[in-house]
Amino acid sequence: MTKKQWLVALFIVGLPTIAIAQSDDNKAKYMPEVHGTIRGKYEYQPDDKEGRFQVRNARFSLSGKVSSAVEYKAEIDLSDEGQIKMLDAYTRLKPTDGLNFTIGQMRVPFTIDAHRSPHQQYFANRSFIAKQVGNVRDVGATLGYNFNIGIPVVLEAGLFNGSGLTNQKDYWTNSVNYSAKAQFFFPRGFNLTLSTQKIRPDHISVNMYDAGVYYHGNGWHLETEYLFKHYHKNAFKNVHAVDAFACYDIALRKCFFSKISPLVRYDYMSDHSDGKRYNSDGKVDASGVMRINDYQRSRLTGGLTFSIAKPFIADIRLNYEKYFYRDGAVAKPSEKDKLVIEFMTRF
């Protein structure tokens, strides 16, 4: 077995051992919680007349407390599009009510949709904001504060390496990335979320600004989000991205399913660059140039979600995605019209 496979095996085998040790010490209230998400799906692309089965996620996490003021989480994905990835690995301190400090590896506080875990997603495939434009996980530290000014407010801001998840050992920088997010929870299920982020994937900085609103209540979830991405020194033209969707829950009785949810989404993204330079062979190279990684396109997605247990615990997601590319755009092999059926299980 490789070193990575040994680490994965130890991670999984060690979960019950830790739980037993905690129980033997009569510390039930600090017993670790084990969670996981399995997403298996089948996709068919009519234009290609080809399909595929895929395990999109096989996540396992361990979280808990060692005292009333110290929390932790470690999460690994055994199949993130076929790759093993360590995702979350952090310690969180809560010195007083409403205040927390987190240090480690985590998803940065930015956007609404990109911050959702796989089991919390409404659609089988993520929006362009969540996947291409605003999806960032990094190593750093955040400070969070929750308070009430007549409405609950959640603030979070952090500093990050900019190294990503795998480039930490010999990574040193004099340009720290930052991210900040504010959530306002209004009465009757309304929410406003504002966030900003600065990253430096290569030789120039990139600033992003995001605003989103949603309503959740009476069976409805209505949400819209806009993201603006600016590259310093006009290294690449500004990127605009939109995500808007509606979902309605219909409760079922005396049926195998607890509810069925029709839903529809529109999302859009202009020509997008990840901010890195590439050579003529398509490899990252400091002597190369920035290029379009994702061509301008919009997408209309419609579908049904069948919930077997509670929502976001055991769902079957049936979606159809229709893409609309600009003239001259080149579609990636997996970014075409497709029918998707996904089975999501959360435990």
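Structure: see above.
Residues numbered from 1 in each chain as written. Predicted model: local features only at pLDDT ≥ 70, side-chain atom pairs only at ≥ 80, totals over all residues. Heavy atoms only, no water.

Asks: Just checking my understanding: could you explain the pattern of salt bridges for this structure?
Replies: Pairs may arise between side chains of opposite charge once their charged atoms sit close together. Tallied over the full model, the rule gives 27 salt bridges. One salt bridge connects Asp80 with Arg56, and the closest N-O pair in it is separated by 2.8 Å. Of this pair, Asp80 sits in strand β3 (residues 70-80) while Arg56 sits in strand β2 (residues 50-67); the two residues are 24 residues apart in sequence, bridging distant segments of the chain. Each of the two residues, Asp80 as well as Arg56, counts as buried. Taking the shortest distance from any N to any O, the salt bridge between Glu75 and Arg137 comes out at 3.7 Å. Of the two residues, Glu75 is situated in strand β3 and Arg137 in strand β6 (residues 137-148); the sequence distance between them amounts to 62 residues. Assessed through its relative accessible area of 14%, Arg137 is described here as buried. Each of Arg59, Lys73, Glu75, Asp77, Asp88 and Arg137 takes part in a single network of salt bridges with overlapping partners. (Salt bridge = Lys/Arg side-chain N within 4 Å of Asp/Glu carboxyl O. Helix = DSSP H or I, 4+ residues; strand = E, 2+ residues; numbered from the N terminus. Buried < 20%, exposed > 50% of the residue type's maximum accessible area, 1.4 Å probe, protein only.)

Asks: In this structure, what is going on with unusual backbone geometry? I would like to understand it.
Replies: A negative phi angle is the norm for most residues apart from glycine, just as the trans form is the norm for most peptide bonds. Unusually for a residue other than glycine, Thr111 sits at a positive phi of about 70°. Tracing the sequence through the fold places Thr111 in the loop between β5 (99-107) and α2 (128-133). Overall, Thr111 belongs to the buried group, its relative accessible area being 0%. The phi angle at Asn218 is positive, at roughly 55°, despite the residue not being glycine. Tracing the backbone through its elements, the reader meets Asn218 in the loop between β10 (206-217) and β11 (220-231). The exposure class assigned to Asn218 is exposed, which follows from its relative accessible area of 68%.

Asks: Got a minute to help me understand the environment of Glu225 in this structure?
Replies: Examined against the element boundaries, Glu225 turns out to sit in strand β11. According to the relative accessible area criterion, Glu225 is buried, its value standing at 1%. The residues contacting Glu225, other than those within four sequence positions of it, are Thr111, Ile112, Asp113, Ile129, Asp210, Ala211, Gly212, Ala241, Val242 and Asp243. Polar side-chain contacts of Glu225 include one of 2.8 Å to the backbone nitrogen of Ile112. Within the structure, Glu225 has its side chain in polar contact with the backbone nitrogen of Asp113 (distance 3.3 Å). (Contact = heavy atoms within 4.5 Å. Polar contact = N/O pair within 3.5 Å; in protein donor to acceptor, adjacent residues only side chain to side chain.)

Asks: Sorry, what's going on with the packing of aromatic side chains here?
Replies: Two aromatic rings are characterised by how far apart their centres lie and by the angle between their planes. Per the stated rule, a full pass over the model turns up 14 aromatic pairs. Ring plane angle 25° and centroid distance 5.3 Å describe the contact between Tyr145 and Phe147, whose orientation is recorded as stacked. One aromatic cluster is present, formed by Tyr122, Phe123, Phe245 and Phe312 through successive ring pairs. Over the ring of Tyr278 we find Arg291; its NZ or CZ atom is 4.6 Å from the centre of that ring. (Phe/Tyr/Trp six-rings, centres within 6.5 Å; stacked < 30°, edge-to-face > 60°. Lys NZ or Arg CZ within 6 Å of the ring centre and 35° of its normal.)

Asks: Just to check I follow, could you spell out the side chain of Asn207 for this structure?
Replies: Its location among the elements puts Asn207 in strand β10. At 3.4 Å, the side chain of Asn207 forms a polar contact with the side chain of Tyr178.

Asks: What should I look at first to understand empty space enclosed by the protein in this one?
Replies: Think of a ball as big as a water molecule: rolled over the atoms, this probe shows where empty space is left. Enumeration over the complete set of coordinates arrives at one cavity of 30 Å³ or more. Each pocket or cavity is described by its volume, and for the largest cavity that value is around 80 Å³. Asp113, Arg116, Gln121, Tyr122, Phe123, Asn125, Arg126, Ser127, Ala130, Asp243, Phe245 and Arg265 together form the lining of the largest cavity. The residue makeup of the lining of the largest cavity, split by class, is four nonpolar, three polar and five charged. (1 Å grid on protein atoms, 1.4 Å probe; cavity = no way out; pocket = protein on both sides within 12 Å on 5 of 7 lines; lining within 4 Å. Points joined across faces, edges and corners; volume = space filled by probe spheres on them. Nonpolar A, V, L, I, M, F, W, Y, C, P; charged D, E, K, R; others polar.)

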